[in-house]
Amino acid sequence: MGISNENGSINYSVDVLGNIVGISTMECYGVVGMASKNASDGFWELLKGENLSRGVKIVWKNDNLNIELYIIVEYGTKISVIANNIIQKTKYNVENYTGLKVSSITVNVQGVRV
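The rules behind the values
Residues numbered from 1 in each chain as written. Predicted model: local features only at pLDDT ≥ 70, side-chain atom pairs only at ≥ 80, totals over all residues. Heavy atoms only, no water. Helix = DSSP H or I, 4+ residues; strand = E, 2+ residues; numbered from the N terminus. Buried < 20%, exposed > 50% of the residue type's maximum accessible area, 1.4 Å probe, protein only. Contact = heavy atoms within 4.5 Å. Pairing = 2+ DSSP bridges. Right-handed = clockwise from strand over helix to strand, strands pointing away. Expected span 1.5 Å × (residues − 1). Core = buried A, V, L, I, M, F, W, Y, C linked by side-chain atoms within 4.5 Å.

### Considering the overall build of the protein
Point 1. A tally of helices and strands in the protein yields 2 helices and 7 strands.
Point 2. Reading the helices (α) and strands (β) of the protein from amino to carboxyl end gives β-β-α-β-β-β-β-α-β.
Point 3. The proportion of buried residues among the 114 residues of the protein is 35%.
Point 4. Considering only residue pairs separated by 6 or more positions, the protein has 63% of its internal contacts joining residues 24 or more positions apart.

### A look at the pairing of strand 7 (residues 102–113)
Point 1. With 10 bridges joining them, strand 6 (residues 64–74) and strand 7 adopt parallel strand pairing. Among the inter-strand pairings, Leu69 is bridged to a residue of strand 7, identified as Val107.
Point 2. After leaving strand 6, the chain enters helix 2 (residues 79–98) and then returns to the sheet as strand 7, a path that is right-handed.

### A look at helix 1 (residues 14–26)
Point 1. Counted at 1.5 Å a residue, the expected span for helix 1 with its 13 residues is 18 Å, and the 18 Å between its end C-alpha atoms agrees.
Point 2. Buried within helix 1 are the following residues: Leu17, Gly18, Ile20, Val21, Gly22, Ser24 and Thr25.

### Quick look at the nonpolar core
Taken as a class, soluble globular proteins show a tendency for nonpolar side chains to be buried jointly.
Point 1. Counting residues in each nonpolar core, the largest one holds 22 residues, and the members touching the most others are Leu65, Ile67, Leu69 and Ile86.
Point 2. Every element with two or more residues in this core is listed here: helix 1, strand 3 (31–37), strand 5 (56–61), strand 6, helix 2 and strand 7.
Point 3. By residue number, the principal contributor to this core is strand 6, which donates 5 residues.
Point 4. Setting aside anything within four residues of it in sequence, one finds Ile86 in contact with Thr25, Cys28, Val31, Leu69, Ile71 and Val107.

Below you can see the structure in the form of structure tokens.
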């Protein structure tokens, strides 16, 4: 993943983009944390600060950046509003910090926490 011009190129690792997306998501109101699927038993676990990129799936295909998020939300909040805020903030931050164009963001709510 990267940008090329007449002066050179900039390449981004998936971990860097995952951290940008994870931090942007955690700044949104109503998000308790990122979720990561534990492959051994199929349960979703809440991720803490340093593992935020594990709750993010990034696919770079044909100059299109597709982001898929797995989150846990706070009980009593409107999920559609939270998801829209996450999409807007994540798209803005990724495009502003990296210069890459985001083509789609999918927010998967894996749980609700009291």
